[in-house]
Amino acid sequence: MIIKICGIEKKDTLILCEKNKINFFGMIFYPKSPRNISIENANILQKTSRNFNINGVGVFVDKDIHELEKIIKSINLRFVQLHGSEDETYIKKVKKIGVKIIKSISISKKKDLNKIYKYHSADYFLFDYKPIKGELPGGNAKSFDWKILKNLETKKPWFLSGGININNIQQIIQDINPLGIDLSSGLEKELGIKDNHIINNFIEKLRNA
């Protein structure tokens, strides 16, 4: 199972993720998020990860494409997650910069899965809870009906996201067995603060599931 932990801000958390053989760590560039990271801090994490197997992912929400390109080049990003209303044209432009794209798709009903046909150039899909008015586009600790994903037909690798924690991971594996999972609030002791103890416990339970 591919594992991505989003909202990483501290170097010691990144090192712990590497020790636990996490595949991706997400850095959120969205000022409204409690997990928003500065360019300077993100650069430190990227440099730290150069000798690691874990890959950094820049997470953006409807970012101006010129500003996005500056960030990609300034911290040497190889993966970008688009978590807003970015369309296929936007994705193609970003890919020309030389990165792989994880496209978030908000899900509340079965028909929302049809959105996968709109993003042919994405390298990965990430299926997340569909926020209501006033909610952030991610990290709400809320989930959709995961059974919607049963019998999903796509050749692209994909992540399940939204409300995943140590109490429901075994049920998720049993019911859905996703190719990848994207974790954030379920690994926090308080809003926006990742907890190393919770991360260790979660990974141990996941590996033994």
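Look a little higher up for the structure.
Residues numbered from 1 in each chain as written. Predicted model: local features only at pLDDT ≥ 70, side-chain atom pairs only at ≥ 80, totals over all residues. Heavy atoms only, no water.

Student: Any chance you could explain the pattern of salt bridges here in plain terms?
Tutor: Should their charged atoms come close, side chains of opposite charge can pair. Enumeration over the complete set of coordinates arrives at nine salt bridges. Linking Asp-182 and Lys-4 is a salt bridge whose minimum nitrogen-to-oxygen distance equals 2.6 Å. On the criterion of sequence distance, the pair formed by Asp-182 in strand 8 (residues 180-183) and Lys-4 in strand 1 (residues 2-6) is long-range, its members being 178 residues apart. The burial state of Asp-182 is the same as that of Lys-4; both residues are buried. Between Glu-67 and Lys-63 there is a salt bridge, and its shortest N-O distance comes to 3.5 Å. Beyond isolated ion pairs, a larger network of salt bridges with shared partners links Arg-35, Glu-188 and Lys-194. (Salt bridge = Lys/Arg side-chain N within 4 Å of Asp/Glu carboxyl O. Helix = DSSP H or I, 4+ residues; strand = E, 2+ residues; numbered from the N terminus. Buried < 20%, exposed > 50% of the residue type's maximum accessible area, 1.4 Å probe, protein only.)

Student: What is the right way to read the state of the cysteines from this model?
Tutor: What makes a disulfide is a covalent bond joining the sulfur atoms belonging to two cysteines. Under the defined criterion, the tally for this structure stands at zero disulfides. The closest cysteine sulfur to the non-disulfide-bonded Cys-6 is located on Cys-17, 11 Å from its own sulfur. Classification of Cys-17 by relative accessible area gives buried; the value is 0%. (Disulfide = S-S within 2.5 Å.)

Student: Looking at this model, I keep getting lost on the packing of aromatic side chains. Mind explaining?
Tutor: For any pair of aromatic rings, geometry is given as the distance between the ring centres together with the angle between the planes. A complete count under the given rule lists eight aromatic pairs for this structure. Site record: aromatic cluster; members linked through ring pairs are Phe-24, Phe-79, Tyr-124 and Phe-159. One residue, Lys-103, lies across the ring of Tyr-119, its end atom 5.0 Å from the ring centre. (Phe/Tyr/Trp six-rings, centres within 6.5 Å; stacked < 30°, edge-to-face > 60°. Lys NZ or Arg CZ within 6 Å of the ring centre and 35° of its normal.)

Student: When you look at the environment of Gln-81 in this model, what are you seeing that I'm missing?
Tutor: Positionally, Gln-81 belongs in strand 4 (residues 79-82). Sequence separation between Gln-81 and Glu-18 is 63 residues; the distance between their C-alpha atoms is 20 Å. For Gln-81, the contacting residues outside a window of four places in its chain are Lys-4, Val-57, Gly-58, Val-59, Phe-60, Ile-102, Leu-126 and Asp-182. Polar contacts involving the side chain of Gln-81 include one to the side chain of Lys-4, which spans 2.7 Å. Within the local environment of Gln-81, its side chain forms a polar contact with the side chain of His-83, the two groups lying 2.8 Å apart. (Contact = heavy atoms within 4.5 Å. Polar contact = N/O pair within 3.5 Å; in protein donor to acceptor, adjacent residues only side chain to side chain.)

Student: How should I be thinking about helix 1 (residues 11-19) in this particular structure?
Tutor: A turn of α-helix holds 3.6 residues, and therefore any two residues three or four places apart point the same way. Of all the positions in helix 1, only Thr-13, Leu-14, Leu-16, Cys-17 and Glu-18 are classed as buried. Those residues of helix 1 that are buried lie in contact with strand 1, strand 2 (24-28), helix 2 (39-48), strand 10 (193-194) and helix 6 (196-207). Once helix 1 finishes, Lys-21 follows within two positions and takes phi at roughly 60°, a positive value.

Student: Sorry if this is basic, but what is going on with the nonpolar core here?
Tutor: Across soluble globular proteins, nonpolar side chains have a tendency to be buried as a group. Judged by nonpolar contacts, the single largest core of 54 residues is most densely connected at Ile-5, Phe-127, Leu-149, Ile-164 and Phe-202. If you tally residues by element for this core, the top one is helix 3 (residues 65-75), at five residues. Not counting chain neighbours up to four residues away, the residues in contact with Phe-202 comprise Ile-164, Asn-165, Ile-166, Ile-169, Ile-181, Leu-183 and Leu-187. Counting 12 residues, the second largest nonpolar core, distinct from the first, contains Cys-6, Val-61, Tyr-124 and Leu-126. (Core = buried A, V, L, I, M, F, W, Y, C linked by side-chain atoms within 4.5 Å.)

Student: Teacher, can you tell me more about helix 2 here?
Tutor: Taken together, the buried positions of helix 2 are Ala-42, Leu-45, Gln-46 and Thr-48. Buried residues along helix 2 cover an arc of 160° about the axis, so they all sit on one side. On its buried face, helix 2 is in contact with helix 1, strand 2, strand 3 (55-60) and helix 3. (Arc of directions from axis to C-beta.)

Student: Would you mind going over the sheet that holds strand 6 (residues 124-129) with me for this structure?
Tutor: In a beta sheet, neighbouring strands pair by backbone hydrogen bonds and run either parallel or antiparallel. Judged by pairing direction, the barrel is parallel, and its eight strands sit side by side in the order 1-2-3-4-5-6-7-8 before closing back on the first. Taking each pair of neighbouring strands and ignoring which way they run, the sheet shows an average axis angle of 25°. Against the sheet, helix 2 engages strand 2 and strand 3, with an angle of about 165° to strand 2. Those strands touched by helix 6 are strand 1 and strand 8, and its axis lies near 165° from that of strand 1. (Pairing = 2+ DSSP bridges. Axes fitted to C-alpha atoms, helices over the stretch in contact; angles between N-to-C directions.)

Student: Looking at this structure, how should I read the side chain of Asn-20?
Tutor: Inspection of the secondary structure puts Asn-20 in the loop between helix 1 and strand 2. We classify Asn-20 as buried; its relative accessible area is 14%. Beyond its immediate sequence surroundings of up to four residues, Asn-20 is in contact with Ile-199, Asn-200, Ile-203 and Arg-207.

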